[in-house]
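Okay, here's what each chain looks like letter by letter:
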Amino acid sequence: MGIALIVHGGAGAIEDHAVAPHREGARRAAQIGWQILTHGGSALDAVEAAVIAMEDDPAFDAGVGSFLNCEGQVELDASLTDGRTLDAGAVAGVQRVRNPIVLARRVLESEHTFLIARGAEQFAQEKGIALIDNAELRTPEQIEIWKQCRANPPAPRSAQSIPIRGYGTVGCVAVDRAGNVAAGTSTGGMKFKRVGRVGDSPLIGAGVYADNALGGASATGWGEAITRVVLAKFAVDALANDRDPRAVARAAIEHLARRVGGTGGIILADARGRIGFAFNTPRMARASIVEGMGEVEADC
Ligand code: GLY
């Protein structure tokens, strides 16, 4: 059994100019999480820190720099799961929190598992998390993309119009020295999404799952399809009988495509500290490191 950490920075048709920022942002996030694990920190702390790093990086569709909804606002979703206790925390439709993964952590530590919108923001205030103006989350690049979408709205997503152009959701799975597994996911959701639309990312079992008995997973891609097959739980369950996480990740994405025509990606770590990933989109940003490796490997 060894410590391990893997992150993703979204799966999709990541354009050439965005490849280096995605790859290097994923690398930095993995390095931050790895520092925590190597100093004896918990998987939960490592996942939270890695996801914060990507929420703060405008390259990704999470936190600052997220896609705007059709009304020009950022609406954020995030989730965090603790494989030791099966505790889970999630938030959705949050507009005034800089780091929704931090809020998801507070929810995980509370009697609740899922808070949304205004209620989640009230809870944030009660927990001492500052509320910010939504404008602080909107970058000039995303405002420009939103204006283009308003002039020429994207086609609705369906199995017929394979949605590979949305990308940038972030996630992390980690295994710590005590053998605890944690997973987290954070997103701004689809470009120009309907107000109130929620994808897979904050749904426990769909966009995220962890169980010390097996491992953990974080998904990215077309949220409606990922939700329909409850992809993260599907993949974690498939780690049973010591199956190789690389083969399990491939099988999970094949299942997503075959059953619901879904596109996206998944990262996995099993309880032994082995990792795997797969995607059926043109690209997926990811970075990983396991015990014995000299440094983080990143690609996109
Ligand atoms: N996978 C992120 C979303 O669909 O919102």
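So, here is what we can say about the structure in this document. (Residues numbered from 1 in each chain as written. Predicted model: local features only at pLDDT ≥ 70, side-chain atom pairs only at ≥ 80, totals over all residues. Heavy atoms only, no water.)

Scanning all chains against the criterion turns up 1 aromatic pair. Their ring planes at 15° and their centres at 6.4 Å tell us that Phe277 and Phe279 sit as a pair that is stacked. With relative accessibility at 26%, the residue Phe279 sits in the partly exposed group. (Phe/Tyr/Trp six-rings, centres within 6.5 Å; stacked < 30°, edge-to-face > 60°. Buried < 20%, exposed > 50% of the residue type's maximum accessible area, 1.4 Å probe, protein only.)

Our focus in this paragraph is the pairing of strand S3 (residues 87–94). By the criterion of burial, S3 is predominantly enclosed, with 6 of the 8 residues buried. Across 3 bridges, the pairing between S3 and strand S4 (residues 114–116) is parallel. Across the sheet, Ala90 pairs through a bridge with Phe114, a residue of S4. (Helix = DSSP H or I, 4+ residues; strand = E, 2+ residues; numbered from the N terminus. Pairing = 2+ DSSP bridges.)

A few words now on helix H5 (residues 140–151). Compared with an ideal rise of 1.5 Å per residue, which puts 12 residues at 16 Å, H5 spans 17 Å between its outermost C-alpha atoms and is within 8% of the ideal. Residues of H5 that are buried: Gln142, Ile145, Trp146 and Cys149. The arc enclosing the buried residues of H5, seen along the axis, measures out at 100°, which places them on a common side. When the buried face of H5 is taken as reference, the exposed residues oriented beyond 90 degrees from it are Pro140 and Ala151. (Expected span 1.5 Å × (residues − 1). Arc of directions from axis to C-beta.)

Another aspect to go through is the environment of Cys172. Inspection of the secondary structure puts Cys172 in strand S5 (residues 170–175). In this structure Cys172 comes out as buried when scored by relative accessible area, which is 0%. Distance from Cys172 to Ala49, taken between C-alpha atoms, is 9.5 Å for residues 123 residues apart in sequence.

Right, let's talk about the state of the cysteines for a bit. Summed over all chains, the structure comprises 0 disulfides. Free cysteine Cys172: the closest other cysteine sulfur is in Cys300, separated by 17 Å. With a relative accessible area of 15%, Cys300 lands in the buried category. (Disulfide = S-S within 2.5 Å.)

A few words now on the packing of helix H1 (residues 16–38) against helix H2 (residues 43–55). Put simply, H1 and H2 touch, their axes get as near as 8 Å, and they point 155° apart. One way to sum up the angle between H1 and H2 is to call them roughly antiparallel. Regarding H1 and H2, the two cross each other, and that crossing is right-handed. Here Gly25, Ala26, Ala29, Ile32, Gly33, Ile36 and Leu37 of H1 lie close against H2, whose contacting residues are Ala43, Asp45, Ala46, Ala49, Ala50, Ala53 and Met54. Considered class by class, the residues forming the contact of H1 with H2 number 11 nonpolar, 2 polar and 1 charged. (Axes fitted to C-alpha atoms, helices over the stretch in contact; angles between N-to-C directions. Parallel < 35°, antiparallel > 145°, perpendicular 65-115°, else oblique. Left-handed = near helix turned anticlockwise from the far one by under 90°. Contact = heavy atoms within 4.5 Å. Nonpolar A, V, L, I, M, F, W, Y, C, P; charged D, E, K, R; others polar.)

Moving on to the nonpolar core. Nonpolar side chains tend to gather and get buried jointly when the protein is soluble and globular. Counting 41 residues, the largest nonpolar core has Leu5, Val7 and Leu103 as its most contacted members. In terms of residues, this core owes the most to one element, H2, which gives 7 residues. For Val7, the contacting residues outside a window of four places in its chain are Ala26, Ala30, Ala50, Met54, Gly171, Cys172, Ile267, Ala285, Arg286 and Ala287. Tyr209, Ile226, Leu231 and Ala232 belong to the second-largest nonpolar core, a separate cluster that totals 22 residues. (Core = buried A, V, L, I, M, F, W, Y, C linked by side-chain atoms within 4.5 Å.)

All right, on to the environment of Asp200 then. Looking at where Asp200 falls in the secondary structure, it is placed in the loop between strand S6 (181–187) and strand S7 (208–211). Assessed through its relative accessible area of 3%, Asp200 is described here as buried. Spatially, the C-alpha atoms of Asp200 and Thr220 are 8.2 Å apart, while their sequence positions differ by 20 residues. Setting aside chain neighbours within four positions, we find Asp200 in contact with Ala206, Gly207, Ala219, Gly221, Gly223, Ile226 and Thr227.

With that out of the way, let us pick up unusual backbone geometry. Non-glycine residue Leu86 carries a positive phi angle of around 65°. Mapped onto the elements, Leu86 comes out in the loop between strand S2 (76–82) and S3. Assessed through its relative accessible area of 46%, Leu86 is described here as partly exposed. For Val230, which is not a glycine, the phi torsion comes out positive at approximately 45°.

With that settled, consider the sheet that holds S3. Spatially, S4-S3-S2-S6-S5-S1-S11-S12 is the arrangement adopted by the 8 strands of the open sheet, whose pairing is mixed. Of all the strands in the sheet, the pair left with one neighbour each is S4 and strand S12 (297–299). Across the sheet, the mean angle separating the axes of adjacent strands is 5° when strand polarity is ignored. When S2 meets S3, the two strands line up antiparallel, connected through 6 bridges. Note that in S3 the partner of Thr81 across the bridge is Ala88. Each of S3 and S4 touches helix H4 (residues 117–126); the most contacted strand, S4, lies at about 110° to it.

Looking now at helix H8 (residues 245–260). Its 16 residues place the ends of H8 22 Å apart at the C-alpha level, agreeing with the 22 Å of an ideal helix rising 1.5 Å per residue. Looking only at H8, the buried set comprises Pro245, Val248, Ala249, Ala252, Ile253, His255 and Leu256. Axial view of H8: buried residues confined to an arc of 150°, hence all on one face.

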